[in-house]
Amino acid sequence: MDITAIIDSLNDAQRQAVSAPARAMLVLAGAGSGKTRVLVHRIAWLIKIEHIAPHNILAVTFTNKAAKEMRGRVEDLLNISARSMWIGTFHGLAHRFLRQHNEEAKLPSTFQVIDSDDQLRLIKRLMKSMQIDDKRWPAKQIVWFINAQKDEGRRAKDIPETQDLYLKVQLSIYRAYEELCARSGLVDFAELLLKAHETLRDNAELLAFYRDRFKQVHVDEFQDTNTIQYAWLRLLTDGQDNLFVVGDDDQSIYGWRGAKIENMFNFQKHYPNHQLIRLEQNYRSTGNILKASNALIACNEGRMGKELHTDSGEGDLISLYAAFNEQDEAYFVVERIRQWVAEGHSRADVAILYRSNAQSRQFEEKLMATGTPYRVYGGLRFFDRLEIKNALAYLYLMAHKDNDAAFERIINTPTRGVGAKTLETIRELAKRDNLTLWAAMVELIRTEHFSPRASNALKSFAVLINKLIKASEGLELYEQVKLVVEDSGLLAFHKKEKGDKGEARAENLEELVNAARQFEYDAESAEGASELDVFLAHAALESGDAQGDEFEDCVQLMTLHSAKGLEFPMVFMVGLEEGLFPSQQSVDDPGRLEEERRLCYVGMTRAMRLLYMSYAESRRLYGKENYPRPSRFLKEIPAEQLQEIRVRANVTKPVATVKPKMGTVALGSSGRYKLGQRVRHVKFGEGVVLQVDGEGTQERVQINFASAGMKWLMLSYAKLEVL
DNA sequence: TTGTTCCAGCTTTTT
DNA sequence: GCTGGAACAA
């Protein structure tokens, strides 16, 4: 292969990054500027031009999807197998590393990865046994605390003792949780990273080996790394200047879960020989969309600085729609989509983006009513589903009878007459004699501790598990799964649940058998773990893409967060209202407000050709009617890039006649009454301005009065007092 | 063991 | 105002 295939298709900045002699590199890659492309081509360059062996290359991403895509694209470009290359998520790679070096990491070879759901259950149980009131210390907050500590690289012993009762209790649970996990060989997500870091740090030989092995380390979405992830990267590359990172400070939207945007600044300090390259040419959006996005993000302070530009034309203006209420907003959006589809476009090219999941319902209802296929992203993933977790728990327990979490999950699922009392007795004995729950149960059966009824229930459970173990010997993985699903009674149990729910669950169980059949066991990278174990770890680490009709032409609904990295010809950003977006919890904190602004920037830059933004003048939220002001972000977009769309609203039945108007955000001509303005009327009392219409003496306002309800008033007659 | 009722909580999400 | 979980009664 010659050099041209690798760099010909690139622009100057991209080419510079790909072929740079420098090993420490910070690529500031704007939205739609070909970020993944640079990474893929850089790796290809190293392999083909600099003759670095694939297995000397490490590339880290955040999601399995991104990892898969990168591997695929490298393979396509070079027409080689990239199997020996370490490409994966931080968690996936840490897991692989710990499997391989479980002794150095002081982990049992059978250690198991638990997901956040298991973690929460575990902590709830632990707190109960410690007799800590979960009203005062909600388990969720404890989990949050522990994970936040781990993300910062702190063990319980690293946190100084305090007098603060609140911290004290949290700390004591953290300590107990660490012990429990160590004893039962459980590793949560944050632990994977922390443990991998510690093992590498405290093991000179291991560290030297990997530092030598990875000639070049690449990181995607660098702005999303947290403290421990960056620390791990530094261990591998410090002093060697071989860290190549790609990121965009303007798209950092995960600060709330520990991502440190500062890592981008720290990188510049820690790798003084680095080269900085900006990718500012955008290949996605039209000029107007970019101008608007640039102006919006410019309102943030402390940016690394970057301005996107494009060669494609100006394109359409951004359309702004002021909806009467959330119903009207949904109606407008769905009507627009129908027009779009009627013009022969595809539904899959349209995305509706919202700030919070709860907003999806309005749109779903309207889409459903018009028979428009749609797909909602987010929500429960395949391996997170209750019935799937139940089935997996059977498999866990069969393979590892000491797995207490699995035991608890299925001891009475399907119900077999083991009540809370019985379980409590088992727990007590287990705790007293330091036994696993399984062993405690066996002991209690043996000593005939229980009433015949409870005893029989337990016996039938023990027999079932043992029978399943026997029967699954020598079977293929998918046959084992099939056996468990059917013979555990789970399938029958879920099938008889009423409604569609039961049916869906039964289907999912069958799908699990399918997933097992399609699962590819790679004995080489399994580091000695059995196929079942690898499958179970896979289920924890890779929650499975949201299921759905991938092949049907569907409108896409998702949160702004999950839209990152995607692009659509037509985008609707909805609910641009103060208190919703930016969210109420963010408005008082400048840092968090900036993150909201970045989120808005992410949303806008998803749009290729058409961008619609909308807000509702009235919105029902938590059962109360709200009259929010339009989002401040709308005011930060230059008026020249906006066109307002007003549907002549007849409250009962909006008719879609469009009257574009340049550069205004729904203000009356006098400018005296803003939407959401509180006013007082002599007769009707207090109310809120919802709409302003007409000009001069004809100017009238629609007001929602607290006591008198909705009224249209002529301004020249009504005596209104601005509050 | 199951069904009912009451009550808090209510951004964003990956692994 | 809706939902999920926990507490309680049958």
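Definitions and cut-offs
Residues numbered from 1 in each chain as written. Chains lettered and ligands numbered in written order. Predicted model: local features only at pLDDT ≥ 70, side-chain atom pairs only at ≥ 80, totals over all residues. Heavy atoms only, no water. Near = heavy atom within 4 Å. Polar contact = N/O pair within 3.5 Å; in protein donor to acceptor, adjacent residues only side chain to side chain. Helix = DSSP H or I, 4+ residues; strand = E, 2+ residues; numbered from the N terminus. Buried < 20%, exposed > 50% of the residue type's maximum accessible area, 1.4 Å probe, protein only. Contact = heavy atoms within 4.5 Å. Domains from an automatic or database assignment. Buried area = accessible area lost by both parts, 1.4 Å probe. Disulfide = S-S within 2.5 Å. Nonpolar A, V, L, I, M, F, W, Y, C, P; charged D, E, K, R; others polar. Salt bridge = Lys/Arg side-chain N within 4 Å of Asp/Glu carboxyl O.

### Overview of the protein's contact with DNA strand B
Consideration 1: In the vicinity of DNA strand B lie 30 residues, with Arg-355, Asn-357, Arg-381, Thr-559 and Arg-592 positioned nearest.
Consideration 2: Taking the atoms of DNA strand B that fall within 4 Å of the protein, sugar and phosphate contribute 57% of them.
Consideration 3: Within the contact set of DNA strand B, a phosphate oxygen lies 2.8 Å away from a backbone nitrogen or oxygen of Asn-64.
Consideration 4: Residue Ser-116 places a side-chain N or O atom 2.8 Å away from a base oxygen belonging to DNA strand B.

### Structural notes on the side chain of Glu-191
Consideration 1: Examined against the element boundaries, Glu-191 turns out to sit in helix α9 (residues 189–201).
Consideration 2: Assessed through its relative accessible area of 9%, Glu-191 is described here as buried.
Consideration 3: A polar contact is formed between the side chain of Glu-191 and the side chain of Arg-155, at a distance of 2.9 Å.
Consideration 4: If we ignore the near neighbours within four places in the chain, the residues touching Glu-191 are Lys-150, Arg-155 and Ala-196.

### Side note on the domain arrangement of chain A
Consideration 1: In terms of domain boundaries, chain A breaks down into domain 1 (3–102 + 194–281), domain 2 (112–184), domain 3 (293–381 + 547–645), domain 4 (384–537) and domain 5 (668–722).
Consideration 2: Contacts between the two partners involve nine residues from domain 2, matched on the other side by 12 residues from domain 4.
Consideration 3: Roughly 930 Å² is buried in total at the junction of domain 2 and domain 4, and carbon and sulfur atoms are behind 37% of that figure.
Consideration 4: Among the residues of domain 2 in contact with domain 4, Gln-112, Arg-121 and Arg-125 are the three that bury the most area, contributing 52% of the side total.

### Topic: the state of the cysteines
Consideration 1: One pass over the full model with this rule turns up zero disulfides.
Consideration 2: Unpaired in this structure, Cys-600 has its nearest cysteine sulfur neighbour in Cys-299, at a distance of 10 Å.
Consideration 3: Owing to a relative accessible area of 0%, Cys-600 belongs among the buried residues under this scheme.

### A look at the protein's contact with DNA strand C
Consideration 1: For DNA strand C, the full set of nearby residues is Lys-124, Arg-620, Tyr-622 and Gly-623.
Consideration 2: Taken together, the sugar and phosphate atoms account for 47% of what DNA strand C places within 4 Å of the protein.
Consideration 3: With respect to DNA strand C, the side chain of Arg-620 contributes an N or O atom lying 2.8 Å from a phosphate oxygen.
Consideration 4: Along the lines of polarity and charge, the residues of the surface near DNA strand C split into one nonpolar, one polar and two charged.

### Observations concerning the pattern of salt bridges
Consideration 1: For the structure shown, the criterion picks out 43 salt bridges.
Consideration 2: In this structure, the salt-bridge partner of Asp-220 is Lys-35, at a minimum N-O distance of 3.3 Å. On the criterion of sequence distance, the pair formed by Asp-220 in the loop between β6 (216–219) and α11 (227–237) and Lys-35 in helix α3 (residues 35–48) is long-range, its members being 185 residues apart.
Consideration 3: Classification of Asp-220 as buried rests on a relative accessible area of 5%.
Consideration 4: Between Arg-284 and Glu-567 there is a salt bridge whose closest N-O contact spans 2.7 Å. Placement of Arg-284 in the loop between β8 (275–279) and α13 (287–297) and of Glu-567 in the loop between α25 (560–563) and β13 (568–573) is noted, with a sequence separation of 283 residues between them.
Consideration 5: Since its relative accessible area comes to 41%, Glu-567 is described here as partly exposed.
Consideration 6: Residues joined by salt bridges that share partners form a network here, namely Asp-115, Asp-117, Asp-118, Arg-121, Lys-389 and Arg-409.

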